[in-house]
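Remarks on the overall topology
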Amino acid sequence: MRPYFEKMDDIGQALRKGQIKNSEENLTALKEAEKELALEHEKIRNVGFPTEKINARGQLTVWQRLEYLLDPGSWHPLHTLYNPMDNEEQTTNVFDGLGKISGKWAVIIGFDNKVLAGAWIPGQSENILRVTDLAKRLNLPLVWLVNCSGVKLTEQEKFYAGRRGSGATFFRHAELAQLGIPVLAGIYGTNPAGGGYQGISPTVLFAHKDCNIAVGGAGIVSGMAPRGSFNQEMAEELIDKTRQFKAQPPGAVSTHYDETGFFKYVYEEETGVLDGLKEYMKDVPAYNPKFYRVADPKEPKFSPEELYRLIPVNEKRVYNFDEILARLVDGSEHSEFRPDYGPEMYTGLCKIDGYLVAVIGNRQGYLGKDYPEYADYPGIGGKLYRQGLIKLNEFVTLCGRDRLPIIWFQDTSGIDVGDDAEKAELLALGQSLIYSIQQTDVPMMLTVLKKGAAAAHYILGGPTANDHNAFTLGVATTEIYVMHGETAAVASYSRRLVKEKDAGHPLDPVIDNMNKMVKEYFDNSRPIFCAKQGLLDEVVQLDRLRDYMKAFAGSAYQNPKSICPHHQMILPRVIKG
């Protein structure tokens, strides 16, 4: 199959002088938006006690632990801004992402010991479920940095119980173990109650000499036999017990290394725990990249920096998706599937870091005369029509057959609507695509380049494909909504306008409500808002998109659950014809 992969068709062209000159304003606007994003990220990193205070206690911060643990340059954070419950702490108190440890990809997550000593807080359980799903989808080890003081008791009702509450983590860890996915835990600090289960539920436990894990700690010494209220005698009793537990908390190294043996290793230094994790990561299952690479890795012919000139801030400006792709894939090469059919969608094979991946993206602009063929109106890119949906179903199905990970790019205003669209079976074809995605069982990642709207957001690799979507990225131009704000205002108020007009009433109050709705839609669709709500897993700089694509491809091919030998693939042969 070497002729199919070593040299594919060229894609993209160098920017002309006029394009460079005319895109200066666009580049400046995107760079300014990314500065705002960087400030948000930095603010989250700095919540809680200052680093100096944590270090003065003889501890490293979660960020210092991550920096020591990870291979240089390999960190790809996710969920940095995630805060769906709008916590006063501004975070979910865990930080996670993809990174390499001892040369191998892993999903890494750690409690922030600068905030409430790493306590459970609202939104955290949902964050952790996303992380365990990521490890499951990519079949990667999950590495924990445990430093969990238990529950933030004043808000326990927001996260303790329920189907997706904090205890779900421990069942997810058991599920990963059943799937053969190791969960490694470096354990620091005092970890009572839920923190104790956080420490004991992984597969292998690496402990710092001062850590403990326990069913309960000093904070609940009296609560196991409640009497309805407190009095002076009980207060004195509580003081004595608290002093006893403070002197020697339950579940220390002397118990769980010397007696139970739960701690497999104990280290004198904090960095020793991280060294132990590094040593174990050397031996986790992983294929050598040569097993799956179809060609030597190459940089794109065109710089990813040019994306700032090509992706327009102005939502009405048309751009060429092929030129975007040319700045992201190896050698700026591709092999396109059915280029003469369904022109609103790009489908093709590309290489990322030498690995073969499938790429799908929305094309923009006027789609040519007599398209869509079932209607008398012109087709505009960003919408989905009959041919495009059929092509997507075919392509995704073949990707599943050939075991190819899929990278999606979205800029969609939705699926075509109206009686003509219904007669063209678009409703069923959209659901067919959902079925096609669901049956593939291959990992997918999505980048929402601009618009993610209506049902098209679901079916174009969106995060609703829980079993397949590993993560969803946004950039400075991303916006996600059920429909554009002006469209929503028309849908909500057009009949009210008619009624007020017919009744002879002034229209200004209705117009004010329409404008208010437009502004709310705008504010609630911005990238930072979407990241906080979890509609995106991370908002990244445009010049880092290729890095995340490389991390995804490397992770997907590190230890895949199934293999299609390259010489037995069908999709490249279908493309060649």
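In short, a report on the structure. (Residues numbered from 1 in each chain as written. Predicted model: local features only at pLDDT ≥ 70, side-chain atom pairs only at ≥ 80, totals over all residues. Heavy atoms only, no water.)

**Focus: the overall build of the protein chain**
Assigned secondary structure in the protein chain consists of 22 helices and 20 strands. Its C-alpha atoms give the protein chain a radius of gyration of 27 Å, within 12% of the compact-globule value 25 Å for 577 residues. Taking the principal axes of the C-alpha coordinates as reference, the protein chain spans close to 85 × 75 × 45 Å. Looking at the protein chain as a whole, 53% of its 577 residues qualify as buried. Pairs at least 24 residues apart make up 77% of the contacts formed inside the protein chain by residues separated by at least 6 positions. Surface exposure of the protein chain reaches about 26300 Å², of which carbon and sulfur atoms provide 52%. Mean positive and mean negative side-chain charge positions of the protein chain (65 and 74 charges, respectively) differ by 3 Å. (Helix = DSSP H or I, 4+ residues; strand = E, 2+ residues; numbered from the N terminus. Rg over C-alpha atoms; globule rule 2.2 N^0.38 Å. Buried < 20%, exposed > 50% of the residue type's maximum accessible area, 1.4 Å probe, protein only. Contact = heavy atoms within 4.5 Å. Areas by Shrake-Rupley, 256 points an atom, 1.4 Å probe, with all protein chains shown as cover. Lys, Arg positive; Asp, Glu negative; His and termini not counted. Charge placed at Lys NZ, Arg CZ, Asp CG, Glu CD.)

**Some details on the pattern of salt bridges**
Using the criterion set out here, one finds 39 salt bridges in the structure. Ionic pairing is found between R546 and D330, a salt bridge with its closest N-O pair at 3.0 Å. Linking R546 in helix α21 (residues 545-558) with D330 in the loop between α13 (321-326) and β11 (333-336), this pair joins segments that are 216 residues apart in sequence. Accessibility assignment for this pair places R546 and D330 in one class, buried. Salt bridges here are not isolated pairs; linked through shared partners, they connect K7, D10, K298, K301, E333 and K351. (Salt bridge = Lys/Arg side-chain N within 4 Å of Asp/Glu carboxyl O.)

**Quick notes on the sheet that holds strand β6 (residues 183-187)**
One open sheet holds the seven strands; their spatial order is β2-β3-β4-β5-β6-β8-β10, and the pairing between them is mixed. Strand pairing shows two members of the sheet lacking a second neighbour, β2 (76-78) and β10 (265-267), which therefore form its edges. Across this sheet, the average inter-strand angle for adjacent strands is 20°, counted without regard to direction. Pairing analysis gives four bridges linking strand β4 (residues 104-111) to strand β5 (residues 142-146), with the strands arranged parallel. By the bridge assignment, G110 is partnered in β5 with L145. Each of β3 (94-101), β4, β5, β6, β8 (204-208) and β10 touches helix α11 (residues 270-281); the most contacted strand, β8, lies at about 160° to it. (Pairing = 2+ DSSP bridges. Axes fitted to C-alpha atoms, helices over the stretch in contact; angles between N-to-C directions.)

**Structural notes on the packing of helix α6 (residues 124-138) against helix α7 (residues 168-178)**
Look at α6 against α7: their axes get within 10 Å of each other, and the N-to-C directions meet at 5°. Viewed along their axes, α6 and α7 adopt a mutual orientation that is roughly parallel. Between α6, through I128, L129, T132, D133, A135 and K136, and α7, the contact on the second element is made entirely by A168, T169, R172, H173, E175 and L176. (Parallel < 35°, antiparallel > 145°, perpendicular 65-115°, else oblique.)

**Let's talk about helix α18 (residues 485-502)**
The end-to-end C-alpha separation of α18 is 25 Å, in line with the 26 Å expected for 18 residues at 1.5 Å each. Most pronounced at Y493, the bend in α18 amounts to some 50°. Here α18 has its buried residues at G485, A488, A489 and E500. Buried residues belonging to α18 abut α19 (508-523). Among the residues trailing α18, G504 stands out with phi positive, at a value near 75°. (Expected span 1.5 Å × (residues − 1). Bend = angle between axes of the 7 residues up to and from the residue.)

**Focus: the pairing of β8**
Burial runs high along β8: five of the five residues are buried. Here β8 shows no split at all, with V204, F206 and H208 on one side and L205 and A207 on the other all buried. With four bridges joining them, β6 and β8 adopt parallel strand pairing. Across the sheet, the residue bridging to I187 is A207, located in β8. Pairing analysis gives three bridges linking β8 to β10, with the strands arranged parallel. For F206, the partnering residue across the bridge sits in β10 and is Y265.

**Things to note about unusual backbone geometry**
In this structure, P372 follows Y371 across a cis peptide bond, with omega equal to 5°. For H79, which is not glycine, the phi torsion reads 60° and is therefore positive. Tracing the sequence through the fold places H79 in the loop between β2 and β3. With relative accessibility at 4%, the residue H79 sits in the buried group.

**Brief notes about helix α3 (residues 24-45)**
Taking 1.5 Å per residue as the helical rise, α3 with its 22 residues ought to reach 32 Å, and the 32 Å between its terminal C-alpha atoms agrees with that figure. Those residues of α3 that fall on the buried side of the exposure criterion are N26, L27, L30, E34, L37, E40, H41 and I44. Buried residues of α3, viewed axially, fall in a sector of 140°; they line one side. Across α3 from its buried face, at more than 90 degrees, point the exposed residues E25, K35 and L39. Where α3 is buried, its residues meet β3, α12 (307-310), α20 (527-533) and β20 (538-539). (Arc of directions from axis to C-beta.)

**Topic: the nonpolar core**
Counting residues in hydrophobic clusters, the biggest one holds 148 residues, and the most contacted among them are W144 and F471. No other element matches α21, which puts eight residues into this core. When residues of this core are assigned to domains, at least three map to each of domain 1 (1-45 + 297-478 + 536-572) and domain 2 (50-215 + 250-281). The contacts of W144, once residues within four sequence positions are left out, are V94, I109, F111, I128, H173, V183, L184, A185, G186 and Q198. Core analysis: the second largest hydrophobic core is formed by five residues, A488, A489, V510 and M514 among them. (Core = buried A, V, L, I, M, F, W, Y, C linked by side-chain atoms within 4.5 Å. Domains from an automatic or database assignment.)

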